[in-house]
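Below, each chain spelled out in residue letters.
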Amino acid sequence: MKTLGPRISFYAGFVVGTFTLYVFLRQLWFEKTLPMHQVTTLARIQDYQQQLEEEKKMWKKEGSALFNLEHPHHIGEDSRMADELYKKVRILCWVMTGPKNLETKTRHAKYTWSRHCNIVVFMSSVDDPDFPTVGLGTKEGRDQLYWKTIRAYHYAYEHYADEADWFLKADDDTYVIVDNLRWILANHTPEEPIYFGRRFKPYTKQGYMSGGAGYVLSKEALRRFVEGFKSKQCTHTTSVEDLAMGQCMEKVGVLAGDSRDSFHRETFHPFVLEQHLTAKFPKSFWYWSYCYYPISEGPNCCSDMSISFHYVDAVGMYLMEYYTYHLRAFGYRYRYQPPTPPAHLPSSENCSTDSKGTHLFSTPTDQQGCDQCPLQKKNIAFSKAQ
Amino acid sequence: MLSDGCSFMKGMLLGGVFCLVLSFLGSFNFSSESSTEDHHHHHIYAPSKDELKRLSDSRVEELKNQVRVYCIIMVQPKILVYWATVLDTWSKHCDNAVFYTSEGSKALEAVDLNEKDDWARLRKALIHAYENAGDLRWFFVAQPTTFAIIENLKYLILAKDPNEPFYLGNAVKSGELEYVEYSSGIVLSYEALKRLMTMFKDEGQCPERTHALWKMGEDKQLALCLKYAGVFAENGEDRHGKGLFNKQNVVNMIKQSMQDNPTDVVEGCCPDMAVTYGGMSPNQMHVMMFGVYRLRPYGHDFHDWLTFYPPKDSDND
């Protein structure tokens, strides 16, 4: 027994040692490759926290509205013109949505194009303090659309009339390029009774704007809308929201504007980009008889400065954001050079005026790009900089 | 008793070490089989703004001239609609876009190689391109499902000398061979193509037809021939490490990003200066054409140090 002892002990020790370490290593390896659901719940919690952190940087929540803190910028870009317009053409975007769509549709709009609005408000039938959405006190459904619109615009007027110049309505499946909207609107003032969108011609004298493609009212137009309901000039005429809006606008003397670019190409679009570019709509399709202006198929369908597309799904929102704000061809000189908006925009009290009393833009050669105070009349420099 | 205990402890220690060594060896073997893009492959980046700023205007013009691209687009009549879409979209931005087909088509013009074998066809196309290059010094091989932004390709290779052997794109590894994946586009400098021509004459190392039961993809064949000629695959990427040549189409990449980076989908997905996307349908190509060459947000300008002008007789860019 005694002579066998050490050897057996050694072998026993060897086996025990191997086994112990094997179990130990397996445990480590096992922990590294957690079962999938554990990993995903952990990842989801981390994602949610990350999301909250990033949201705090992007928006200031005031009641149910999101005030944009960080107008998105790209490294290496010269966005002086866009920044200038951001200050001078303040847009409140309100998005028509419902509780069922928040996670599947609305959140994607929130994380993409709505970041470019000055203020964004999500209008629903129900209050949701987290998203946040405003509860308009309506029900859900197609027949509620005009009720929602009436209440949404009244809400915007009551709460934010002084904080914005223009008031845009969009659906939760509309993608809006807000910078291009500012370009069109910079040619007008918020005191004009005017509204813009994709102009349709039937049922009304001056036409009306497609609901899905989004439409934008000037402050004066909004004021007249609200007044119209007070004085009963405007009522809930039909649940066809865009037509009803058009009828009210006509009644209160708000002009249906022409939103086409200087090549007469449309900027607001009732369908997705792919359809406008490639689809051959049959001649019996309602679209042909509805459009106020002549329709172009193929590349002329859409302005370089397009403003909106409708029926955009979740993936489509990110795709549009990528195409608009990210993907580009290095050094490419675009064929279409959009005309610079005129300089007579209302600006802050701090700025000086020239002898004619018009407020002017600062030039690109400014050292600090002083956005507010004008120096010289050099609008031409901006178009050259493009 | 003490010697028993000692032996036991010695045994345990040795057993532990033995187990560690085994597992280490095991994992080492495992990882070398499944290595993907590791530290061995080379990265190619576009010149930085500072690098470009230092160049004189005349030098920039010289480089712009040097970086003109001969596009080799490999088509087949059975996918006519893709062929037509490429013809109508991005290929207009090549300095010379030549279509090489396996068999002639009455509908569209191409160089008819009259060759069914994929590798033999690619060889013939490359030979034809080399012989007809004129004064173009860069070659880009694409499939009809690839969408390429030629200006971004030019930006990537702007400061590279075409008299050096360059072979770049989406570089991937298969075993020991590093090759440029076909559907994301293959870029060859004049020197690389020249060396390849010499290699083509060597039937031993670079045969035109392999009668092996299992055929290697023509992109791997190309890599092998180039490797024997001393030319190695390099990966085109941006400064954030994002690949500029993409095998997947942009919609799939966004869908993947929605899963992987739900709070930062676009930033986490695709590069700003992407050169290619593979697997694109004709409609997706028309949309990308508009998205790249037309659509943009007003007031955001990039004062790039080089200007590329739109091609003549084109209405969709």
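Source: prediction; values computed, not measured.

To continue, consider the overall build of chain A. The secondary structure content of chain A amounts to twelve helices and 13 strands. Buried residues in chain A amount to 54% of all 386 residues. A separation threshold of at least 6 residues defines the contact pool for chain A, and within that pool the share at least 24 residues apart is 71%. Per element, the accessible surface of chain A, about 18,400 Å² overall, is 56% carbon and sulfur.

Across the sheet, three strands lie side by side as β6-β13-β12 (chain B); this open sheet has mixed pairing. The open sheet is flanked by β6 (147-148) and β12 (245-246) of chain B, the only strands paired with a single partner.

Contact with chain B, which involves 68 residues of that partner, is made by 72 residues of chain A. Buried area between chain B and chain A, summed over both chains or domains, comes out near 6,500 Å², and the portion from carbon and sulfur atoms is 66%. When residues of chain B are sorted by the area they lose upon contact with chain A, Thr263, Arg296 and Tyr298 of chain B head the list and together hold 15% of the total. Scanning the region where chain B abuts chain A turns up four salt bridges. Sorting the residues of the side of chain B that touches chain A by element identifies α1 (2-33), α2 (49-54), α6 (150-157), α9 (250-260) and α10 (282-293) of chain B as the ones contributing at least two each. Top element by residues in the side of chain B that touches chain A is α1 of chain B. It accounts for 14 residues. Each residue belonging to the side of chain B that touches chain A can be placed in one class, and the counts come to 36 nonpolar, 19 polar and 13 charged.

Before going further, it helps to spend a moment on the UniProt feature "transmembrane region" (unreviewed entry) in chain A. Mapped onto the present numbering, the UniProt feature "transmembrane region" (unreviewed entry) falls at residues 6-25 of chain A. Counting secondary structure, residues 6-25 of chain A comes out at 100% helix and 0% strand; the distance between its end C-alpha atoms is 28 Å.

This part is about the pairing of strand β10 (residues 186-189) of chain B. Residues and elements named next belong to chain B. With burial as the criterion, each face of β10 is covered, one bearing Ile186 and Leu188 and the other bearing Val187 and Ser189. As judged from the four bridges shared by strand β5 (residues 138-142) and β10, these two strands associate in the antiparallel manner. Bridge pairing links Trp138 to Ser189 in β10.

Our focus in this paragraph is the UniProt feature "domain: Fringe-like glycosyltransferase" (unreviewed entry) in chain A. In this structure's numbering, the residues bearing the UniProt feature "domain: Fringe-like glycosyltransferase" (unreviewed entry) are residues 92-266 of chain A. The span residues 92-266 of chain A carries 33% helix and 21% strand; its end-to-end C-alpha distance comes to 22 Å.

Turning next to helix α5 (residues 145-160) of chain A. The first and last C-alpha atoms of α5 of chain A sit 21 Å apart over 16 residues, in line with the 22 Å expected at 1.5 Å per residue. Listed as buried for α5 of chain A are Tyr146, Lys148, Thr149, Ile150, Ala152, Tyr153, His154, Tyr155, Ala156 and Tyr160 of chain A.

As a further point, take the state of the cysteines. All names here are of chain A. Taken as a whole and assessed by the stated rule, the structure comprises six disulfides over all chains. Residue Cys301 pairs covalently with Cys302 via a disulfide, S to S 2.1 Å. Judged by the sign of its S-S torsion, about -95 degrees, the bond between Cys301 and Cys302 is left-handed. As far as burial versus exposure is concerned, Cys301 and Cys302 are alike and both buried. In chain A, numbering the disulfide-bonded cysteines from first to last in sequence yields the connectivity 1-2, 3-4, 5-6. Cys291 carries a free sulfur, and the closest cysteine sulfur to it, the one in Cys302, is 11 Å from it.

By size, the foremost hydrophobic cluster in this structure holds 113 residues, and its most contacted members are Trp113 of chain A together with Trp90, Phe140 and Val250 of chain B. The biggest single contributor to this core is helix α11 (residues 314-326) of chain A, with eight residues. Those residues in contact with Trp90 of chain B, other than ones at most four positions away along the chain, are Cys71, Ile73, Phe140, Ala142, Thr146, Phe147, Ala148, Ile150, Met285 and Met289 of chain B.

Along the chain, Thr106 of chain A falls in helix α4 (residues 102-111). Setting aside residues up to four positions removed in sequence, Thr106 of chain A forms contacts with Val95, Thr97, Asn101, Phe122, Phe131 and Asp172 of chain A.

Turning our attention to the environment of Cys301 of chain A. Residues and elements named next belong to chain A. With respect to the element layout, Cys301 can be found in the loop between α10 (286-290) and β13 (308-310). Relative accessible area serves as the criterion here: at 4%, Cys301 is assigned to the buried category. In sequence terms Cys301 and Tyr336 are 35 residues apart; their C-alpha atoms lie 14 Å from each other. What Cys301 contacts, discounting residues up to four positions off in sequence, is Glu266, His269, His276, Leu277 and Ser296.

Attention shifts here to the pattern of salt bridges. Across all of its chains, the model carries 31 salt bridges over all chains by this definition. Salt-bridge contacts for Asp258 of chain A lead to Arg260 of chain A; the nearest nitrogen and oxygen are separated by 3.0 Å. The partly exposed category is assigned to Asp258 of chain A, whose relative accessible area is 35%. With a closest N to O distance of 2.8 Å, Asp304 of chain B and Arg328 of chain A form a salt bridge. With one member in each of two chains, Asp304 of chain B in the segment after α10 and Arg328 of chain A in the loop between α11 and α12 (379-385) form a pair that bridges those chains.

What counts as what
Counting from 1, residues in each chain are numbered in the order their sequence is written. Chain letters start at A and ligand numbers start at 1, both assigned in the order the entries are written. Confidence filtering applies because this is a predicted model: local features only for residues at pLDDT of at least 70, side-chain atom pairs given and counted only at 80 or more, and all residues used for totals across whole chains, interfaces and linings. Working from all heavy atoms in the structure, the side-chain values ignore hydrogens and water. Under the scheme used here, helices are H or I runs from DSSP no shorter than 4 residues and strands are E runs no shorter than 2 residues, and both carry numbers assigned from the N terminus. Under the scheme applied here, a residue whose accessible area is under 20% of the maximum for its type counts as buried, over 50% as exposed, and between as partly exposed, the area being computed with a 1.4 Å probe on protein chains only. Contacts: residue pairs with any heavy atoms within 4.5 Å of one another. Accessible surface area values rest on a Shrake-Rupley calculation with a 1.4 Å probe, where residue burial reflects the displayed protein chains alone. When DSSP finds two or more bridges between a pair of strands, those strands are recorded as paired. Two parts placed together each lose some accessible area under a 1.4 Å probe, and adding up what both lose gives the buried area. For this analysis, a salt bridge means a side-chain nitrogen from Lys or Arg found within 4 Å of a carboxyl oxygen belonging to Asp or Glu. When residues are sorted by character, Ala, Val, Leu, Ile, Met, Phe, Trp, Tyr, Cys and Pro go into the nonpolar class, Asp, Glu, Lys and Arg into the charged class, and all the rest, Gly among them, into the polar class. UniProt positions are given in the numbering used here, feature names are shortened, and annotations may be inferred rather than shown by experiment. Helix span is expected to be 1.5 Å times the residue number reduced by one. Cysteine sulfur pairs qualify as disulfides if the two atoms are within 2.5 Å. Here, the term nonpolar core denotes a set of buried Ala, Val, Leu, Ile, Met, Phe, Trp, Tyr and Cys residues that are joined through side-chain atoms within 4.5 Å.

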